[in-house]
Amino acid sequence: MNDLNGRVAVVTGAASGIGRAIALCFAEAGAQVVVADRRRDAWHGGAPTDELAEGATFVECDLADPAAVAALVPAVAERHGRLDVLVNNAAVSAGRELLETTDDDWHQVLAVNLTAPFVLSRAAVRQMLTQEPRGEVRGRIINVTSQHGIVAAREDTAYGVSKAALSQLTRQIAAEYAGEGIVCNAVAPGKIETGPSPRAGEPGWQEYWTSRTPWPRLGRPEDVARAARFLAGDEATYITGTTLMVDGGWTAR
Ligand SMILES: NC(=O)c1ccc[n+]([C@@H]2O[C@H](COP(=O)([O-])OP(=O)(O)OC[C@H]3O[C@@H](n4cnc5c(N)ncnc54)[C@H](O)[C@@H]3O)[C@@H](O)[C@H]2O)c1
């Protein structure tokens with residue numbers, strides 16, 4: 001079921017957190033995963049993802065660096081001969097509302113969260129169009145957005161805007177390239193516990209996340225990884241341009 005055997009997948013930001021869970025889940029399903037991150041070690045500890053995930057390789061890539069972003073997909077295509085799945089997962093946040101957001105904050109957040117996925121997706125679609133389809137599909141793109149691309153992010157203007165725009169990029173790619181067998185979807189996590197984040201220690205945040213989430217626990221990286229795996233596999237057919245909420249009901253109320 002949902003076997004990714006022989007598929008080549010790039011997951012950005014896969015050294016830690018949700019990206020790491022996606023990489024491990026894809027590898028478990030038989031994919032050859034390229035872990036693309038600016039650092040190899042997980043910020044929350046543990047062995048590097050590429051050591052844990054069978055068949056995975058690590059590529060150092062800072063998504064804030066346009067040259068590194070431009071080089072990623074061609075390097076993967078040269079090494080593996082194809083690219084089946086691109087997961088745009090890495091993101092940063094400024095953690096500030098509008099009046100505190102500097103021009104630098106805005107540009108840094110948009111560079112990593114939106115411009116890099118745009119450039120990587122363009123390169124991925126170019127590569128995928130050269131590939132013979134497997135069944136109906138030449139390739140798949142999965143964008144990791146957020147509940148905060150649907151509703152406003154608390155104290156995080158640039159981040160929320162970047163995620164809403166990434167959902168729209170998802171729809172654009174889906175509509176523009178469906179005819180060529182390119183599938184593009186998004187998964188939108190709600191609050192997912194990835195490790196001891198500094199914000200969890202600040203007054204009020206834990207209560208806020210819990211009170212905003214109808215499900216009686218916060219999310220786990222695996223919750224998002226399984227949704228991404230579904231969207232990466234043959235089970236997910238005739239689904240394109242959608243944003244799949246994995247938010248425990250955050251946006252349902
Ligand atoms: N954790 C949550 O509650 C939550 C909620 C909604 C959406 N999301 C989204 O899920 C995705 C993963 O979030 P997470 O919580 O696992 O994050 P995380 O901070 O735990 O991990 C992010 C990873 O991205 C990498 N990264 C950051 N900047 C990079 C750059 N410039 N170049 C390359 N790699 C870079 C980091 O090194 C890290 O490995 C993000 O898109 C985030 O917006 C997370």
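Please refer to the structure placed before this passage.
Conventions we followed
Each chain has its residues counted from 1, running along the sequence as written. Local features are withheld for residues below a pLDDT of 70 in this predicted model, meaning they are given only at 70 or higher, and side-chain atom pairs are given and counted only at 80 or more; totals for whole chains, interfaces and linings count all residues. Excluded from the side-chain calculations are hydrogens and water; all other atoms, namely the structure's heavy atoms, are used. To qualify as a helix, a DSSP run of H or I must reach at least 4 residues; to qualify as a strand, a run of E must reach at least 2; elements of each kind are numbered from the N terminus. The reference for a compact globule is 2.2 Å times residues^0.38; the radius of gyration itself is calculated from the C-alpha atoms. The term salt bridge refers to a pairing of a side-chain nitrogen on Lys or Arg with a carboxyl oxygen on Asp or Glu at a separation within 4 Å. Here, any two strands with at least 2 DSSP bridges between them count as paired. Note on geometry: axes are lines fitted to C-alpha atoms, helical ones only across the stretch in contact, with angles between N-to-C directions running from 0 to 180 degrees. Contacts were defined at the residue level, with two residues in contact if any of their heavy atoms lie within 4.5 Å. Relative accessible area decides the class of each residue, using a 1.4 Å probe on protein chains only: under 20% of the type maximum gives buried, over 50% gives exposed, and in between gives partly exposed.

S.K.: Explain the overall build of the protein chain to me, and be specific about the residues and the numbers.
M.R.: For the protein chain, the count of helices and strands is seven helices and seven strands. Reading the protein chain from its N end, one meets helices and strands in the order β-α-β-α-β-α-β-α-β-α-β-α-α-β. The C-alpha radius of gyration of the protein chain comes to 17 Å, within 12% of the 18 Å expected for a compact globule of 253 residues. Summarising its shape, the C-alpha atoms of the protein chain cover approximately 50 × 35 × 35 Å along the three principal directions.

S.K.: Can you tell me about the pattern of salt bridges, naming the residues and giving the values?
M.R.: The final tally for this structure, using the stated rule, is ten salt bridges. Close ionic contact of Asp234 with Arg7 constitutes a salt bridge, the shortest N to O distance being 3.1 Å. Placement of Asp234 in the loop between α7 (221-232) and β7 (243-246) and of Arg7 in the segment before β1 (8-12) is noted, with a sequence separation of 227 residues between them. When salt bridges that share partners are traced, they join Arg40, Asp50 and Glu51 into one network.

S.K.: Give me the lowdown on the sheet that holds β7, citing residues and values where you can.
M.R.: As summarised here, the arrangement of the seven strands in space is β3-β2-β1-β4-β5-β6-β7, forming an open sheet in which the pairing is parallel. Strand pairing shows two members of the sheet lacking a second neighbour, β3 (57-60) and β7, which therefore form its edges. In this sheet, neighbouring strand axes are inclined to one another by 20° on average, regardless of whether the strands run parallel or antiparallel. With three bridges connecting them, β1 and strand β4 (residues 85-88) associate as parallel partners. The partner of Val10 across the bridge, within β4, is Leu86. Sitting on the sheet, helix α4 (residues 103-128) touches β1, β4, β5 (139-144) and β6 (182-189), and the angle it makes with β4 is about 175°.

S.K.: Run through the environment of Tyr238, naming residues and quoting values.
M.R.: Note on placement: Tyr238 falls in the loop between α7 and β7. When the C-alpha positions of Tyr238 and Val92 are compared, they lie 31 Å apart, and in sequence the two are 146 residues distant.

S.K.: Can you lay out unusual backbone geometry for me, pointing to particular residues and giving the numbers?
M.R.: Positive phi, close to 50°, is recorded for Glu155, a residue that is not glycine. Of note, Glu155 is situated in the loop between β5 and α5 (157-177). According to the relative accessible area criterion, Glu155 is partly exposed, its value standing at 34%. In this model, Tyr238 sits at a positive phi of 60°, which is unusual for a non-glycine residue. Given a relative accessible area of 88%, Tyr238 falls into the exposed group.

S.K.: Which residues make up the environment of Ser197, and what values do they have?
M.R.: Tracing the backbone shows Ser197 in the loop between β6 and α6 (205-212). The exposure class of Ser197 is partly exposed, given its relative accessible area of 21%. Not counting chain neighbours up to four residues away, the residues in contact with Ser197 comprise Trp43 and Trp209.

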